Amino acid sequence: MGNRVRDNQRDKACPIESLDYEIFENDLFKQDWRSRKKIEILQYTILKWALAFLIGLATGLVGFLNNLAVENIAGFKLLLTGNLMLKEKYFQAFFAFAGCNLILATAAGSLCAFIAPAAAGSGIPEVKAYLNGIDAYSILAPSTLFVKIFGSIFGVAAGFVVGKEGPMVHTGACIANLLGQGGSRKYKLTWKWLRFFKNDRDRRDLITCGAAAGVAAAFRAPVGGVLFALEEAASWWRSALLWRTFFTTAVVAVVLRTLIELCRSGKCGLFGKGGLIMFDVNSGPVLYSTPDLLAVVFLGVVGGVLGGLYNYLVDIVLRTYALINERGPGFKVMLVMAVSILSSCCAFGLPWISQCTPCPIGSEGKCPSVGRSGIYKSFQCPPNHYNDLSSLLLNTNDDAIRSLFTSRSENEFQISTLAMFFVFVYCLGIITYGIAIPSGLFIPVILAGASYGRLVGRLLGPVSQLDVGLFSLLGAASFLGGTMRMTVSLCVILLELTNNLLMLPLVMLVLLISKTVADCFNKGVYDQIVTMKGLPYMEDHAEPYMRNLVAKDVVAGPLLSFSRVEKVGVIWQALKMTSHNGFPVIDEPPFTEASELCGIALRSHLLVLLQGKRFSKQKTTFGSQILRSCKARDFAKAGLGKGLKIDDLVISDEEMEMYVDLHPITNTSPYTVLETLSLAKAAILFRQLGLRHLCVVPKTPGRPPIVGILTRHDFMPEHVLGLYPHIDPLK
């Protein structure tokens, strides 16, 4: 059917709806717009900025508390393990370490499996899909927000090779959605003064601000957060949104700065500064020669190859885990527990292979780290020695990255240690992503990239002027570019992380090379996950085969439409028997001389109109009466799960024979295209305008006024190639 908005392949599961980003210009909207006073317009403008401020404030607080909780929980676990190791109670140390990890992992897995399955994973693909116009079930619900926050804390503290940065993006989007819809009626959290943004267009802008705030809170990178939203998350952008997004991330930066200053007094627990990343890279002059540039090119190529392989393996693991997770919540939790035990065994077992290293000269009092956080873990080593591999494995991920990025001593980590740690992080990062916990990919990728970058730096030490800390940063950049395929935003995030602008040319070069190489193999990891989840994402370009088809080739009939004045029973039956969300409204004689397209009426508006029972026994136009008795806010979009359903309506048999005038709720200026328009052009138009419905009209007169309606589903490759299997997808 031409106006179907959910994929037939997913009808058995929950429906994937499209969002109405288009301004729906019906008579009610026009009446409301004309009647607005200057004070109401000012109130709306002020509220948009107030909400941006609240999103930044809330996301900054959550990001800080998230870091603080992870550092204190993980710190307690690591100090307990270290103290037992000092007493040579090795078995007790292992069981304490693995037991704490297992308890935390089970808590995170149970939250995801039983309360909010949508909270599993990083959440960036889901946010990206929402901003593209896809409304999958519960991806921004309050329960998802709750599980995302606490599940991420437990999962990261449990020692998994995951990060909290991806989940922070999802958390920021959930906070923005909660504020934008005025709270949650289900959880008794409602604020009437916030219920002004009851449309998808305004919520989209707020969620874009939330996603940017999440990156800013995770990395302390406000400009990087704005660029991340622009480059990766948002499908539509405009200058007004740029200002508000920048304001939101600035609020996050101020909140984090203030809270970190409060923590410098040592009142924030074991780790003092809240665990927020600020990597210390050598800030001296960055001098490089031709061999150094060749080394950077080599890093970029290796990062692209490894990134492409990483994405390929992640895709296989996700599809395998999907088969296990489909068997129920219990199996999800058992899979989490199994990966937790594997991670604990590797993290505790591998350091026994590594040799003990004498403490560097001048590190007295710092090496080895006893009874506190530090990068020199003694593990099983004698006094004044440290185990470099345990310093990476038995530490928080943030501290491990700090250690790899440091330039204090080139020989701080042995070549064999860096090689083992790279293999450990690379493999466990792939195995861990996809289990039922909130898990980000940024940190595993940075860890793997930093370890092989430092390894290359050690090997090229005699011929290179760059120190190993800078090689580590460039390795992380190359692997990030190879997996995520972002350039500008990653470049700025890394520079904000390391506070070193001198590295800009080299970081730009390595990102461009790694992305170019990786694009030869597959798509970015987030694009792969969107495809794997079956989300009907509209790309910013048309597929090559679409130029061989026209719009009428993919719309299907019979098309279900209504007259301007339609019988109530006909509308009720259509809503009952179909799941369509948009219906063409046709002006017919005697109201017009000939049949013509009046516009489109939405399902949600039809339900509200029927519930109000504004009917007439005569088949006449009475739209002016409806305009006097209704307000635009009556037809505003409800929050998650609050909208009317057809089963909520109670209509008598007598009312079924009455008539209703649909003109007041009909969008009389829908976007239309000729049936002979290239499908490629229609796809670009549909995506760039953020449409939900695109009307296809006939080219020749004397035919019905509408041929069909194009929706997101009609542009999906599986639909088009299913209709025309003989078409070559690459031509």
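Residues numbered from 1 in each chain as written. Predicted model: local features only at pLDDT ≥ 70, side-chain atom pairs only at ≥ 80, totals over all residues. Heavy atoms only, no water.

A. The arrangement of the sheet that holds strand S12 (residues 672-674) in detail. With respect to topology, three strands assemble into an open sheet ordered S12-S13-S14, the strand pairing being mixed. Of all the strands in the sheet, the pair left with one neighbour each is S12 and strand S14 (708-710). Going from strand to strand, the sheet's axes swing by 35° on average, the running direction of each strand aside. Sheet topology places S12 next to strand S13 (residues 694-697); three bridges connect them, and they run parallel. Counterpart to Leu674 in the pairing with S13 is Val697. Against the sheet, helix H24 (residues 679-689) engages S12, S13 and S14, with an angle of about 150° to S13. (Pairing = 2+ DSSP bridges. Helix = DSSP H or I, 4+ residues; strand = E, 2+ residues; numbered from the N terminus. Axes fitted to C-alpha atoms, helices over the stretch in contact; angles between N-to-C directions. Contact = heavy atoms within 4.5 Å.)

B. Representation of the pattern of salt bridges within the structure. Applying the stated criterion across every chain yields a total of 19 salt bridges. The salt bridge partner of Arg485 is Asp519, with a shortest N-O separation of 3.1 Å. Placement of Arg485 in the loop between helix H16 (468-484) and helix H17 (488-498) and of Asp519 in helix H18 (residues 504-519) is noted, with a sequence separation of 34 residues between them. The class for Asp519 is partly exposed, based on a relative accessible area of 39%. Residues joined by salt bridges that share partners form a network here, namely Arg204, Asp205, Arg238 and Arg244. (Salt bridge = Lys/Arg side-chain N within 4 Å of Asp/Glu carboxyl O. Buried < 20%, exposed > 50% of the residue type's maximum accessible area, 1.4 Å probe, protein only.)

C. Fine view of the nonpolar core. Membership of the largest hydrophobic core comes to 147 residues, with the highest contact counts inside it found for Phe160, Phe219, Phe421, Phe442, Leu474 and Val507. Counting residues in each nonpolar core, the second largest holds 29 residues, with Leu28, Phe583, Val608 and Ile651 among its members. (Core = buried A, V, L, I, M, F, W, Y, C linked by side-chain atoms within 4.5 Å.)

D. Spotlight on the sheet that holds strand S10 (residues 596-602). Here we have three strands laid out as an open sheet, ordered S7-S9-S10, and mixed in their pairing. Looking at which strands have only one partner, the edges of the open sheet turn out to be strand S7 (562-563) and S10. Relative to S10, strand S9 (residues 582-587) runs antiparallel, the two being bridged by six bridges. Across the sheet, residue Ile586 finds its bridge partner in S10, namely Leu597. Where helix H21 (residues 603-612) meets the sheet, it contacts S7, S9 and S10, and its direction lies at approximately 80° from that of S10.

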